[in-house]
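Chain and residue survey
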Amino acid sequence: MTIRTIDVVAALIEREGKLLLARRDASSDQAGLWEFPGGKVETGESQPCALVRELQEEMGITATVEEFIATSQLQQPARLIRLHGWRVSGFTGTITLQCHSEIRWVAPADVLSFDLAPADIPLIEAYLTKFAA
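Residues numbered from 1 in each chain as written. Predicted model: local features only at pLDDT ≥ 70, side-chain atom pairs only at ≥ 80, totals over all residues. Heavy atoms only, no water.

Before going further, it helps to examine the overall build of the protein chain. Tallying secondary structure elements over the protein chain gives two helices and seven strands in all. On C-alpha atoms alone, the protein chain measures out to a radius of gyration of 14 Å, which is about the 14 Å that the 2.2 N^0.38 rule sets for 133 residues. Its C-alpha atoms give the protein chain principal-axis dimensions of roughly 45 × 30 × 30 Å. Buried residues in the protein chain amount to 43% of all 133 residues. By sequence separation, contacts in the protein chain at least 24 residues apart represent 68% of the contacts at least 6 residues apart. A total of about 6800 Å² of accessible surface is found on the protein chain, and carbon and sulfur atoms cover 51% of it. Of note, the protein chain has its 12 positive side-chain charges centred 2 Å away from the centre of its 18 negative side-chain charges. (Helix = DSSP H or I, 4+ residues; strand = E, 2+ residues; numbered from the N terminus. Rg over C-alpha atoms; globule rule 2.2 N^0.38 Å. Buried < 20%, exposed > 50% of the residue type's maximum accessible area, 1.4 Å probe, protein only. Contact = heavy atoms within 4.5 Å. Areas by Shrake-Rupley, 256 points an atom, 1.4 Å probe, with all protein chains shown as cover. Lys, Arg positive; Asp, Glu negative; His and termini not counted. Charge placed at Lys NZ, Arg CZ, Asp CG, Glu CD.)

The tally for this structure, following the rule as stated, stands at zero disulfides. In this structure Cys99 is not part of a disulfide, and its nearest cysteine sulfur, from Cys49, lies 20 Å away. Judged by its relative accessible area of 26%, Cys99 falls in the partly exposed class. (Disulfide = S-S within 2.5 Å.)

This part is about helix 1 (residues 47-59). Between its first and last C-alpha atoms helix 1 spans 17 Å; for 13 residues at 1.5 Å apiece the expected length is 18 Å, and the two agree. The complete set of buried residues in helix 1 reads Ala50, Leu51, Glu54, Leu55, Glu58 and Met59. Around the axis of helix 1, the buried residues are gathered within 125° of arc, so they sit on the same side. On the buried face of helix 1, the contacting elements are strand 1 (4-15), strand 2 (18-24), strand 4 (38-40), strand 5 (62-75), strand 6 (79-92) and strand 7 (100-106). The N-cap residue of helix 1 is Ser46: its side-chain oxygen and the backbone nitrogen of Cys49 are 3.2 Å apart. (Expected span 1.5 Å × (residues − 1). Arc of directions from axis to C-beta. Polar contact = N/O pair within 3.5 Å; in protein donor to acceptor, adjacent residues only side chain to side chain.)

Most of strand 2 sits inside the fold, with five of its seven residues counted as buried. Relative to strand 2, strand 1 runs antiparallel, the two being bridged by two bridges. Considered in strand 2, the bridge of Arg15 is made with Lys18. Between strand 1 and strand 2, which pair antiparallel one after the other, the connecting turn spans two residues, and Glu16 there sits at a positive phi close to 50°. In terms of strand pairing, strand 2 meets strand 7 through six bridges, oriented antiparallel. Opposite Leu21, over in strand 7, you have Arg104 as the bridge partner. (Pairing = 2+ DSSP bridges.)

Let us now look at the nonpolar core. One finds Leu12, Leu19, Leu21, Phe36, Val111, Leu123 and Ile124 to be the most contacted residues of the largest nonpolar core, which totals 22 residues. The set of elements that each furnish at least two residues to this core consists of strand 1, strand 2, strand 5, strand 6 and helix 2 (121-131). Those residues in contact with Val111 that sit more than four places away from it in its chain are Leu19, Leu21, Phe36, Val106, Leu116 and Ile124. (Core = buried A, V, L, I, M, F, W, Y, C linked by side-chain atoms within 4.5 Å.)

So far we have only geometry, and geometry alone does not tell us how the molecule works.
Dropping the structure here:
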């Protein structure tokens, strides 16, 4: 059996010294867990372009994607998910939830106290190492 690899992007969205966490709704894989919003990278799409598109679809915002933070991998029975975290310094528009049940703005140091999706944990750890001096 061939293991499929799926590339997914996640936004670490900053505002006033806090990061945006979104809770996966009941119909989602890993329902109820907190995550950095984002989604799948389509064939031929760059990671920043995928992130802008996904945030537009999922939250109705237009993001300003800054720099790459880290990649984490999550092995599941039939697939390998590679989650690529990007720093988002700002956005335009008003957040409207399509596939999340709630959002919270959280101090970076407090993110690990939330019940995070497993693939997001290495992203916040890398973020804290790079940006929370």
